Amino acid sequence: VRCKKFADEPPPSLRYCSNTPKEELLLEHVREFEEQFVNVYGNRFLFLAPPNEYGIPKFLPSTIRPTHLPYKELYEVKPCAQFLADFFNYDELNPPDRYPGIIPAPHSVLKVQAGDCFDISIALCSLLIGVGYDAYCVSGFAPRFITTRNEARSACPQLEWAEEEKREEAQAENDEYIIPKKPPLKSEYQEAKRIAEAVDRARMDEEEMKSDSEDDPSSDEDEYENRRIHCWVLVRKGSREVQEDMYVEPTTGRIYDVKRCPYLKIDLIWNHRNLWVNMQVCNASQVELDLYNSRYFEYVMLDEESAGAAADDADATAGEDGDGNRAERAAQVLDMPPAWSERLEISREAFHARCFKGEKTIFYHKCKVEQFAPYTQDDGLVQRLTLYKDVRRQIPLEIRETFKHRRDRLYERICRPMQSETVERFRPGRPSSSNAAAGGALKQFREVLAVSRELLFYNSRLDGLVRCVELIGEKMFEYFEDRDDRLIYHSVTLDRSLAGGNRVGQKPKDMYTVESVGEVPIRKMTQKYSRNKSVPPDQDPYKMCYFLAEGKIRVDYHREPGQLTYKSITYVNEDGILYALPRTGPQPTHQEVQKLLQMQSNCREIIDESHSRTHVELSQRRKEESSVRANRSVQAGKKRKSGLLGSREDVLEPSAYDLARESARVDALREGAEEEKQEEKSLKVDVLAPYLVDFVNKETGRVQLDSLQAELVMKRCTQDFRKRLTDRAEIIQARLRDEQNQLRGRREQMQRRGDNVEKEEREFERYQSQAMFRTQILEQRLARHEMQAIEKFQELERTLQEDSRLASMWQREPGK
């Protein structure tokens, strides 16, 4: 169906619907090769020159169009393959044991974002060759789970990538400081036990992998077993620092080792220069990839490299005539014509949308991955990964959501329903709830419903808070950094058992408000301070413990350098008077007592103030999430218009492309408004002045018109104004035609030059982008001019009707 749509559209160039003389010569060579191959090796079908979308036969290597697109993500193998796997809507071969009847141009395939394994492989190979990889398309046979893209029994690649990133980060940290250690002693018994456990674990994993789900067709018998045709990509080592050969599955983006690949058999291998027929009767993982060895492969084109490699011995024995023979053979080689496809293009909107139609869902083993294009979800969701406990994917264990372009800086949320746990992570730049108070900079929020709550902050707050943990109804403690008062920690310990009656030293005000619990008595408050080097350690307090329930205060001081013990003093509060224990020792002075009591009061104020700020932070977060849910419920089923800028209260922030489009639109409207102002100024001028010169009375200097003269003046004025509007429309149309003709000429010029001018291609891309923008602006101006021309003409008629100098025309008697 999609290929019929291609045929209904006009071809981008003549090479789509016809062959050049060089291509006809190449097809004749391919037919001769096929006839000789059948004569030598027997009747074997070779898929060498299938027709394109316009029914014109094209040699497979000439369909590959090496292209380097201006996107960083498409410069490496792994992200490029994953992007195309998400970008395309995969169509299975029908029937699966036959080659496709049509191989369209990769330019057309990228345009419609749909294709079979051959289409996606050719597009991927074109992009990889364009960025310097030694890439090839491979056709052969594959199992059903590959050809149907059924990954219900495969592990989720996103989880594997996350584990690889963690290992790389851990390895980078460990490599910073390497301390040589003695090899640890190993127990043979423990080693054997570990191996046995690993074998049992692998057997259990294999049993779990046997799907009992009804949506997994791999458990049924396959009538096309070992006959399913497939196409994938081979990347050879050597170029771009590739260490080993690898296969890339274009439908999923997975990378397989050549010796441990799931493919069954290889039939053909080709790139943009040549095509090789596999002569080895073995499994795909056992194929020797020595392409120019005639024992393993038969190549169609005899390029200069293969010709030179095949005749090195002959040149060595030829002596002085070796150079002449080599030049003569090079002249006889039939070179490959340039690719017939247009240069591959992916618009910025399509690239950032990534998924076909903006959404994609993939099922893995005990896992489901949902992907969304940016700005298609009201809450900014771009990916949701759900881990399940069972194979049928009915009991969720963990839900990981990834967000983009959120104004509240949220980028990840992890929910564990079984534990009632939620973890939210934020990017730097989250503002404070109040400009006057310290706050904001939230980095991570973790909550276990009715159990605990933890907030991590970036080290950019005015109060220095970096971590806040609340064990609901039991304890609250906070950590600080870089404070002027050297406070690094404070905590509040609660005890619900104290609510039964008054204890010694306990006052009614020694209560702490806990959300969803109420007021809970305080047992202890604690503060910790960093070292003040201007004071001796035995006089510099490190830890202050205020036992409100027991009426005691304990002061611990910093340790002396090299000492294990530290100074500690315990005070007892009796009716506002502090006594040091033991009472037989030295007692504090009145000033020291007042200082300790004031520090206790200040500690309670700091804790209350911190608790208030944390409560405001949590309230703001809940309010934000409630507004997001309300907005999503109201606009359910509607997609957000990414072209319009949102207000401050909007959930998502505009992207750089939205701002650029809005700026260009404003500039165009401003330019049009200036032109309209100039036209309005011209209209305010006396439009009848040029036409009344011949009717001025020389004696009085006034104009007196009869009905015929007034009618003549009005007719001339309206005709000239109509001609002016028509001329302006013709000028805009002429400029629009010139831009379109220049762009068409540059395209034809690039098509004639082939694909060996990478620098000129980049210049053409910049010119094409600017030309398309100018064309769009001219089209908008022409449409606006056509709409306003009628209004301006009607306004002129009203002006002429109200002009007193033409009043005689309206006062003419009927019949005259």
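Rules of the game
Residues numbered from 1 in each chain as written. Predicted model: local features only at pLDDT ≥ 70, side-chain atom pairs only at ≥ 80, totals over all residues. Heavy atoms only, no water. 1 Å grid on protein atoms, 1.4 Å probe; cavity = no way out; pocket = protein on both sides within 12 Å on 5 of 7 lines; lining within 4 Å. Points joined across faces, edges and corners; volume = space filled by probe spheres on them. Nonpolar A, V, L, I, M, F, W, Y, C, P; charged D, E, K, R; others polar. Buried < 20%, exposed > 50% of the residue type's maximum accessible area, 1.4 Å probe, protein only. Helix = DSSP H or I, 4+ residues; strand = E, 2+ residues; numbered from the N terminus. Pairing = 2+ DSSP bridges. Core = buried A, V, L, I, M, F, W, Y, C linked by side-chain atoms within 4.5 Å. Axes fitted to C-alpha atoms, helices over the stretch in contact; angles between N-to-C directions. Contact = heavy atoms within 4.5 Å. Patch = residues over 30% accessible without salt bridge, like charges linked within 9 Å, V, L, I, M, F, W, Y side chains within 5 Å. Areas by Shrake-Rupley, 256 points an atom, 1.4 Å probe, with all protein chains shown as cover. Salt bridge = Lys/Arg side-chain N within 4 Å of Asp/Glu carboxyl O. Phe/Tyr/Trp six-rings, centres within 6.5 Å; stacked < 30°, edge-to-face > 60°. Parallel < 35°, antiparallel > 145°, perpendicular 65-115°, else oblique. Left-handed = near helix turned anticlockwise from the far one by under 90°. Polar contact = N/O pair within 3.5 Å; in protein donor to acceptor, adjacent residues only side chain to side chain.

## So, empty space enclosed by the protein
- Applying the stated rule across the entire model yields five cavities of 30 Å³ or more.
- Taken as a whole, the second largest cavity holds about 50 Å³ of empty space.
- Lining the second largest cavity, in full, are Phe145, Ile146, Arg149, Glu151, Ser154, Glu249, Thr251, Thr252, Arg254 and Tyr256.
- Of the residues contributing to the lining of the second largest cavity, the split by class is three nonpolar, three polar and four charged.

## Regarding the pairing of strand E17 (residues 452-457)
- For E17, the buried fraction is high: five of the six residues fall into the buried class.
- Strand direction decides the pairing type here: strand E16 (residues 442-448) and E17, joined by six bridges, are antiparallel. Opposite Arg446, over in E17, you have Glu454 as the bridge partner.
- Counting the residues that bridge the hairpin from E16 to E17 gives three residues, and of these Ala450 lies at a positive phi of roughly 60°.

## Some words on the nonpolar core
- The biggest cluster of nonpolar side chains holds 59 residues, and the ones touching the most others in it are Phe59, Phe118, Leu128, Trp270, Leu275 and Ile346.
- A per-element tally of this core places helix H6 (residues 117-130) first, with ten residues.
- Among the nonpolar cores identified, the runner-up in size contains 39 residues, and Phe372, Cys468, Val492 and Tyr557 belong to it.

## A few points about the sheet that holds strand E4 (residues 229-235)
- Pairing is antiparallel across the open sheet formed by seven strands, whose spatial order is E6-E5-E4-E3-E7-E8-E9. In this open sheet, the two edge strands, each paired with only one partner strand, are strand E6 (255-257) and strand E9 (297-299). Between one strand axis and the next, the sheet turns by 30° as a mean value, whatever way the strands run.
- Examined bridge by bridge, strand E3 (residues 135-141) and strand E7 (residues 265-270) share five bridges and lie antiparallel to one another. Residue Gly140 lies in a different strand from E7, and its bridge partner there is Ile266.
- Each of strand E8 (275-278) and E9 is contacted by helix H2 (residues 21-41), which is oriented at about 150° to E9, the strand it contacts most.
- Here H6 sits on the sheet and contacts E3, E4, strand E5 (246-248) and E7; the angle it forms with E4, its principal contact strand, is near 10°.

## Side note on a nonpolar patch on the surface
- Side chains of Ile395, Leu397 and Met418 sit close together on the surface and give an oily, nonpolar patch of about 260 Å² of accessible area.
- Along the chain, Met418 falls in the loop between strand E14 (410-416) and strand E15 (421-426).

## Focus on the packing of aromatic side chains
- Scanning the entire structure with this criterion turns up 23 aromatic pairs.
- Pairing Phe45 with Tyr99 gives two aromatic rings, centres 5.7 Å apart and planes at 45°, and the pair type is tilted. Residue Phe45 is found in the loop between H2 and helix H3 (60-63), and its partner Tyr99 is found in the loop between strand E1 (89-90) and helix H5 (106-112); the two are separated by 54 residues along the sequence.
- You can call Phe45 exposed: its relative accessible area is 53%.
- Between Trp232 and Tyr263, the ring centres sit 3.9 Å apart and the planes meet at 0°, which makes this aromatic pair stacked.

## Looking at the packing of helix H4 (residues 77-87) against H6
- Relative to each other, H4 and H6 sit at 150°, their axes nearing to 11 Å. If you check the angle between H4 and H6, you find them roughly antiparallel. Considering only the axes of H4 and H6, their crossing is right-handed. Facing H4, whose interface residues are Val77, Cys80, Ala81 and Leu84, H6 presents Ala123, Leu124, Leu127 and Leu128.
- For the contact of H4 with H6, the class distribution of residues is eight nonpolar, no polar and no charged.

## Some remarks on the pairing of strand E26 (residues 577-581)
- Burial along E26 is one-sided: the residues Leu578 and Ala580 are buried and none of Ile577, Tyr579 and Leu581 is.
- The pairing of strand E25 (residues 568-574) with E26 spans five bridges and is classified as antiparallel. The partner of Tyr571 across the bridge, within E26, is Ala580.
- What sits between the antiparallel neighbours E25 and E26 is a turn of two residues, in which Asp575 has the positive phi angle 55°.

## Points about unusual backbone geometry
- Cis geometry marks the peptide bond from Asn94 to Pro95, where omega comes out at -5°.
- Among the structural elements, Pro95 can be located in the loop between E1 and H5.
- Its identity is not glycine, yet Arg149 carries a phi of approximately 55°, on the positive side.
- Examined against the element boundaries, Arg149 turns out to sit in the loop between helix H7 (144-147) and helix H8 (157-176).
- Classification of Arg149 by relative accessible area gives partly exposed; the value is 26%.

## Points about the side chain of Asn274
- The residue Asn274 is located in the loop between E7 and E8 in this model.
- Engagement of the side chain of Asn274 in a polar contact is seen with the backbone oxygen of Met301, the distance being 2.6 Å.

## Quick word on the environment of Ser452
- Checked against the element boundaries, Ser452 lands in strand E17.
- Take Ser452: its relative accessible area is 11%, and that puts it in the buried class.
- A sequence separation of 19 residues divides Ser452 from Leu471, and the C-alpha atoms of the two residues are 4.5 Å apart.
- Excluding residues that lie within four positions of it along the chain, Ser452 makes contacts with Arg446, Glu447, Glu470, Leu471 and Ile472.

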